[in-house]
Amino acid sequence: MELQFFKYQGTGNDFVIIDNRQDIFPKNNTKLVAELCDRRFGIGADGLILLENDNVSDFKMVYYNADGAESTMCGNGGRCLVAFAHYLGVIEEKTTFNAVDGLHKATVEGDIVNLKMIDVDKIHEKQNHSFLDTGSPHHVQLVKELKQFDVQKEGKKLRYGIYGASGSNINFVEQTSDNAFDVRTYERGVEGETFSCGTGVTAVALAMHESGKTAANEVHIHTIGGDLTISFEKKEGKYSNVFLKGPAIQVFKGTIECSI
Ligand SMILES: N[C@@H](CCC[C@H](N)C(=O)O)C(=O)O
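If you're wondering where the values come from, they're calculated on a predicted model, not measured in any experiment. (Residues numbered from 1 in each chain as written. Predicted model: local features only at pLDDT ≥ 70, side-chain atom pairs only at ≥ 80, totals over all residues. Heavy atoms only, no water.)

*Asks:* Help me understand the UniProt feature "binding site: substrate" (unreviewed entry) in the chain in this model?
*Replies:* Taken from the UniProt record, the annotation "binding site: substrate" (unreviewed entry) applies to Asn13, Asn65, Gly75, Asn76, Asn169, Glu187, Arg188, Gly198 and Thr199. As for the largest cavity, its lining draws on Asn13, Asn65, Asn169, Glu187, Arg188, Gly198 and Thr199 from among the annotated residues. Within the element layout of this structure, Asn13 appears in strand S2 (residues 13-19). Mapped onto the elements of the fold, Arg188 is located in the loop between strand S12 (180-187) and strand S13 (192-194). Of the residues examined, Arg188 reaches a relative accessible area of 13% and is grouped as buried. Not counting chain neighbours up to four residues away, the residues in contact with Arg188 comprise Asn65, Ser71, Thr72, Pro137, Arg159, Ser166, Gly167, Ser168 and Asn169. (UniProt positions renumbered as here; feature names shortened; annotations may be inferred. 1 Å grid on protein atoms, 1.4 Å probe; cavity = no way out; pocket = protein on both sides within 12 Å on 5 of 7 lines; lining within 4 Å. Helix = DSSP H or I, 4+ residues; strand = E, 2+ residues; numbered from the N terminus. Buried < 20%, exposed > 50% of the residue type's maximum accessible area, 1.4 Å probe, protein only. Contact = heavy atoms within 4.5 Å.)

*Asks:* Which parts of the structure should I look at to understand the site of the ligand?
*Replies:* The environment of the ligand is made up of 16 residues, and the closest members are Ser71, Gly75, Asn169, Gly198 and Thr199. With respect to the ligand, the backbone of Gly75 contributes an N or O atom lying 2.7 Å from an oxygen atom. At 3.3 Å from an oxygen atom of the ligand is found a side-chain nitrogen or oxygen belonging to Ser136. Relative to its unbound accessible surface of 360 Å², the ligand loses 100% to contact with the protein. Applying the majority rule of atoms within 2 Å of the grid points places the ligand in the largest cavity. Mapped by element, the contributors of at least two residues to the shell around the ligand are strand S4 (60-65), helix H2 (75-88) and helix H4 (198-210). Of the residues in the shell around the ligand, the class split is four nonpolar, 10 polar and two charged. (Near = heavy atom within 4 Å. Polar contact = N/O pair within 3.5 Å; in protein donor to acceptor, adjacent residues only side chain to side chain. Areas by Shrake-Rupley, 256 points an atom, 1.4 Å probe, with all protein chains shown as cover. Sits in = over half its atoms within 2 Å of the grid points. Nonpolar A, V, L, I, M, F, W, Y, C, P; charged D, E, K, R; others polar.)

*Asks:* What is the right way to look at the environment of Asn29 in this model?
*Replies:* By secondary structure assignment, the location of Asn29 is in the loop between S2 and helix H1 (30-37). Residue Asn29 is classed as partly exposed on the basis of its relative accessible area of 27%. Taking the C-alpha atoms as reference points, Asn29 and Ala69, separated by 40 residues in sequence, lie 9.0 Å from one another. From its side chain, Asn29 meets the backbone nitrogen of Leu32 in a polar contact 3.0 Å long.

*Asks:* Looking at this structure, how should I read H2?
*Replies:* It helps to recall that an α-helix has 3.6 residues per turn; residues three or four apart then point in one direction. In this model, H2 (14 residues) spans 20 Å end to end at C-alpha, consistent with the 20 Å of a helix rising 1.5 Å per residue. Among the 14 residues that make up H2, 11 are buried, leaving the element largely enclosed by the rest of the structure. Burial in H2 covers these residues: Gly75, Asn76, Gly77, Gly78, Arg79, Cys80, Leu81, Val82, Ala83, Phe84 and Ala85. Two residues or fewer past H2, Gly89 is found with a positive phi of approximately 85°. (Expected span 1.5 Å × (residues − 1).)

Here is the structure:
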């Protein structure tokens, strides 16, 4: 059958997006998702997202990693899905949608999507890194000379070494000013470095605030694929009103023949 798809990118984190409001997509077909995300034999993407109907909000987000497995929250994917919902006319400038980690509010202004992330009240601070869950699990570690750093090798080692089979995403960070950081991320489920990770840069902003590296409540993060801004409040040990803001862009659309 011919499947209609849309390709989006949010600071270089790229996604195949499918309008599944008519329930056309075989949701348990891991092999098909992996094939569609394959950069040589398929469309090519870091993940695949379904936009579905929801009973309590404007729409539902279902997220799969490039390996074909359904996973936890994707921040850049969420921003891209909001842009897609806006393109389809499902929403206007403001929305609330449902995802695996609960309801998210978001706004769209041109190409810029500002997405509210979950509250965070636990940041585990270890000797040389922090660990926290911003919808997906994240290891955050400061390194020197980030540009030259072997993210693939070191990320893979930590992803399996510390966090076992379920794993974690691994973020390597270098501070560039009082409120700015460069970040490179190894993503589980892609099993490699992506150009940007939304839940990852959110984790970096909160972890850097928690450890005193920044006192700012608005943090600017530079990734290989572009720039994101994270803003938040901290009250009684809890981070709330956490927002992830940046571009989300439709790259192309098309149809692909697949055996569903
Ligand atoms: N790219 C994402 C994170 C996607 C989920 C992650 N790979 C996982 O399985 O934890 C983002 O922008 O947040």
